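Coordinates in review
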Amino acid sequence: MDPRTPNRKEPLRLYTPEERTRRDNTIWTLIQGVLAPLQFLVFAVSVVLVARYLWTGEGYMAATISIVVKTLFLYAIMITGAIWEKIVFGQYLFAKAFFWEDVFSFVVIALHTAYIWALLTGSLSPVDQMWLALAAYVAYVINAGQFLLKLRMARLEGEAVV
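Below is a short write-up of the structure. Bear in mind that the values here come from a model prediction, so they are computed numbers and not experimental data.

1. Some words on the side chain of serine 46
Looking at where serine 46 falls in the secondary structure, it is placed in helix H2 (residues 27–56). There is a polar contact of 2.7 Å between the side chain of serine 46 and the side chain of serine 66. With near-sequence residues (within four places) excluded, serine 46 lies in contact with Ala63, Ser66, Ile67 and Tyr137.

What follows is the structure in structure tokens.
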């Protein structure tokens, strides 16, 4: 029986005791903890720059650079997150505890990558590129919310264990 599977008396568990130990002892947890808020900061600045461009028609280059930087942060957090999952759960992605977050992460990555493709190929107008970036950002916010809920769940679980 999987220790995460609840019985009638116990709630659903995000981590087994061994997984929690691995999570707490890997540098990749700290790396994720640093990259996530940095990515959010880049996202927040970028949203303002993209909105400014869409509103005024000014600042295309600044908005574009901010989207590229945000996308690079996304790629970095995805790669380091996959390493983290491998260490904690024994597989690079789609571990049971984070399956749906990983699935939606691929939607986020696909949208950001589509933006990069549109930028490099010129297949979309600058305005359409910005709208695509905003669609990617909406998906990112949903995905970030998924991970924040899991972080809260892990904290509550940790309090229950101690």
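Back to the text.
2. Side note on the packing of helix H1 (residues 17–25) against helix H3 (residues 60–89)
Viewed as axis vectors pointing N to C, H1 and H3 meet at an angle of 135 degrees, and their least axial separation amounts to 8 Å. Taken together, the axes of H1 and H3 lie oblique to each other. Two secondary-structure elements touch here, H1 through Glu19, Arg22 and Arg23 and H3 through Trp84, Ile87, Val88 and Phe89.

3. Section: unusual backbone geometry
Of note, the phi angle at phenylalanine 94 is positive, near 65 degrees, even though the residue is not glycine. With respect to the helices, strands and loops of the structure, phenylalanine 94 is situated in the loop between H3 and helix H4 (99–121).

4. Overview of the packing of H3 against H4
Axis separation between H3 and H4 bottoms out at 10 Å; the angle between their running directions is 145 degrees. Our pair here, H3 against H4, has a crossing hand that is left-handed. Touching Tyr60, Thr64, Ile67, Val68, Lys70, Thr71, Leu74, Tyr75, Met78 and Glu85 of H3 are Asp102, Ser105, Phe106, Val108, Ile109, His112, Thr113, Tyr115, Ile116 and Leu119, all from H4. Taken together, the residues of the contact of H3 with H4 break down into twelve nonpolar, five polar and three charged.

What counts as what
- Residues numbered from 1 in each chain as written.
- Predicted model: local features only at pLDDT ≥ 70, side-chain atom pairs only at ≥ 80, totals over all residues.
- Heavy atoms only, no water.
- Helix = DSSP H or I, 4+ residues; strand = E, 2+ residues; numbered from the N terminus.
- Polar contact = N/O pair within 3.5 Å; in protein donor to acceptor, adjacent residues only side chain to side chain.
- Contact = heavy atoms within 4.5 Å.
- Axes fitted to C-alpha atoms, helices over the stretch in contact; angles between N-to-C directions.
- Parallel < 35°, antiparallel > 145°, perpendicular 65-115°, else oblique.
- Left-handed = near helix turned anticlockwise from the far one by under 90°.
- Nonpolar A, V, L, I, M, F, W, Y, C, P; charged D, E, K, R; others polar.

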